[in-house]
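Coordinate inspection notes
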Amino acid sequence: MNQKTNTKINVIIAGLMVLCMMLFSAVTPVFAGDRLNYRLKWQFNTSVAGDIIADTGGFFKKAGLDVFVKEGGAGKNAIKELELRYADFGVASADQVIRALERGADVVVLAQLFQVNPMQWIYRSDQPEIKTLSDLNGRYIGVTFGGNDETIMNTLLAKAGLTSGDVFISSVRSDFTPFLKKEVDMWPVYRNAQGVILEDKLAAEGERVKFFNPADYGIHFVANSVVTSGAMMKKHPDTVKAFITALLSAWEFAMDPANEVQVLAQIKKKDTFTRDDIRQKQLEATRPLIKPDKGTKIGIIDARAWRQTESIMVRTEQIMTPVDVVTCLAGPKKRKIP
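Calculation notes
- Residues numbered from 1 in each chain as written.
- Predicted model: local features only at pLDDT ≥ 70, side-chain atom pairs only at ≥ 80, totals over all residues.
- Heavy atoms only, no water.
- Helix = DSSP H or I, 4+ residues; strand = E, 2+ residues; numbered from the N terminus.
- Buried < 20%, exposed > 50% of the residue type's maximum accessible area, 1.4 Å probe, protein only.
- Contact = heavy atoms within 4.5 Å.
- Areas by Shrake-Rupley, 256 points an atom, 1.4 Å probe, with all protein chains shown as cover.
- Core = buried A, V, L, I, M, F, W, Y, C linked by side-chain atoms within 4.5 Å.
- Pairing = 2+ DSSP bridges.
- Axes fitted to C-alpha atoms, helices over the stretch in contact; angles between N-to-C directions.
- Parallel < 35°, antiparallel > 145°, perpendicular 65-115°, else oblique.
- Left-handed = near helix turned anticlockwise from the far one by under 90°.
- Nonpolar A, V, L, I, M, F, W, Y, C, P; charged D, E, K, R; others polar.
- pLDDT = per-residue confidence, 0-100.
- Salt bridge = Lys/Arg side-chain N within 4 Å of Asp/Glu carboxyl O.

Per the secondary structure count, the chain includes 13 helices and 10 strands. By the burial criterion, 49% of the 338 residues in the chain qualify as buried. The contacts of the chain with a sequence gap of at least 6 include a subset with a gap of at least 24, amounting to 79%. Accessible surface, the chain as shown: approximately 17200 Å² in total, 54% of it carbon and sulfur.

Okay, structure coming up:
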């Protein structure tokens, strides 16, 4: 074999290697039978009942999917993991989605899990009842500086024609002591998590509580939703469809009171620290947030609420440029909004 022939063969081999590399890099690392990674926003507890059931209840398996459900928590960001390809699907709040869109992230919303934002304020029943937003005047209100609750409360005050000078704002941390000592009138909680725990704790001391829900006053700031990347949608549409169908079927199962015993048993395997009676109350509190009424289809996207969330973030300068968030909402949307 002469030098000319060897050179030609080497050129062909090099060309094939380049072609293989191009083909490999052109696809995502998700194929039939491969494991999918699903990153949650919260830790394993009753708030993610449907996600737990999709896994332990065999919904993903029946759909022919091998899904690793990864616990969320502080420092976990599903959208960043989608971008790094550490996750194929994830759960993110609307503000995370909108911030990501502003910086050009390739993110798509497949379903809106919470129809009612679980972020609410707890206050004691012996305090004057909040019937209108003007009743916030003069209250000692806890907010997490930099958190969604601060944004929501500022929006509520503006809607009421009140300023920060009309209320007393206290910084919130993980310790409930200021509220328990009555140093703060209203404390921000997730209604179906800390709200249940605090309500139970105060009940044991003979105190009753109420919850202030911003949605009752027209503020619909969207909470957790299921997301994936646009690339995943384009390259593996069948996988995306199978995943979201199985997941939402699991959520329907988890929110059905008829399945309560089975659902609580599966949650207990993941959340061993919470008392049985508290888990049961948390599940009761979660149902109306996920499925406000019998006719609500779990996962339906409230486009108007997403627009309002974006508008609030623009107005409060959490983002500097509108992102037209509805363009990334790929799941079924509400047609009629009560």
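In this section: the nonpolar core. Core analysis: the biggest nonpolar cluster contains 44 residues, and Val97, Leu136, Met153, Leu156, Phe212 and Trp306 have the highest contact counts within it. Mapped by element, the contributors of at least two residues to this core are helix 4 (78-83), helix 5 (94-102), strand 4 (107-112), strand 5 (119-124), strand 6 (140-143), helix 6 (148-160) and helix 13 (303-315). Excluding its chain neighbours within four sequence positions, the residues that come into contact with Trp306 are Ala94, Val97, Ile98, Val109, Gln112, Val222, Ser225, Ile301, Val325 and Leu329. Counting 43 residues, the second largest nonpolar core, distinct from the first, contains Val91, Val108, Val116 and Trp251.

Bringing the sheet that holds strand 10 (residues 224-229) into the picture now. Strand order in this open sheet of 5 strands is 2-1-3-10-4, and the pairing throughout is mixed. Each edge of the open sheet is held by one strand with a lone partner, namely strand 2 (66-70) and strand 4. Neighbouring strand axes in the sheet, compared pairwise and without regard to direction, differ in orientation by 30° on average. Two elements, strand 1 (residues 35-39) and strand 2, share 5 bridges in a ladder whose sense is parallel. Among the inter-strand pairings, Arg35 is bridged to a residue of strand 2, identified as Asp66.

All right, on to the sheet that holds strand 8 (residues 187-190) then. The strand order 8-5-9 describes an open sheet built from 3 strands, whose pairing is antiparallel. In the strand order of this sheet, the two ends are held by strand 8 and strand 9 (209-212), each with one partner. Neighbour to neighbour, the strand axes of the sheet diverge by 40° on average, direction disregarded. Note that strand 5 and strand 8 share 4 bridges and pair antiparallel.

Time to look at the pairing of strand 7 (residues 168-171). Walk down a regular strand and you will see the side chains alternate between the two sheet faces. Of the pairings in the sheet, the one linking strand 6 to strand 7 comprises 4 bridges and is parallel in character. The partner of Val143 across the bridge, within strand 7, is Ser171.

A few words now on the packing of helix 2 (residues 49-56) against helix 10 (residues 237-255). One way to put it is that helix 2 packs onto helix 10 with a least axis distance of 8 Å and a crossing angle of 115°. Overall, the two elements helix 2 and helix 10 adopt an arrangement that is roughly perpendicular. As helix 2 packs across helix 10, the resulting crossing turns out to be right-handed. Residues Ala49, Gly50, Asp51, Ile53 and Ala54 of helix 2 lie in contact with helix 10, whose contacting residues are Leu247, Ala250, Trp251, Phe253, Ala254 and Met255. Per-class residue counts for the contact of helix 2 with helix 10 are 9 nonpolar, 1 polar and 1 charged.

Right, let's get into the confidence of the model for the chain. Mean pLDDT over the chain: 90, with 89% of residues reaching 70 or higher. Every residue in residues 3-31 is under pLDDT 50, and counting partners more than four places away or in other chains gives 15 contacts.

Let's shift gears to the packing of helix 10 against helix 12 (residues 276-290). Interhelical geometry of helix 10 versus helix 12 gives an angle of 130° and a closest axis separation of 10 Å. It follows that helix 10 is oblique to helix 12 by the angle criterion. In this structure, helix 10 meets helix 12 at a crossing whose hand is left-handed. On helix 12, the residues touching Trp251, Ala254 and Met255 of helix 10 are Leu283, Thr286, Arg287 and Ile290. In terms of residue class, the contact of helix 10 with helix 12 is made up of 5 nonpolar, 1 polar and 1 charged.

This model, assessed by the stated rule, comprises 16 salt bridges. Ionic pairing is found between Asp200 and Arg275, a salt bridge with its closest N-O pair at 3.2 Å. You can see Asp200 sitting in helix 8 (residues 194-203) and its partner Arg275 sitting in the loop between helix 11 (260-270) and helix 12, a full 75 residues away along the chain. For Asp200, a relative accessible area of 18% puts it in the buried group.

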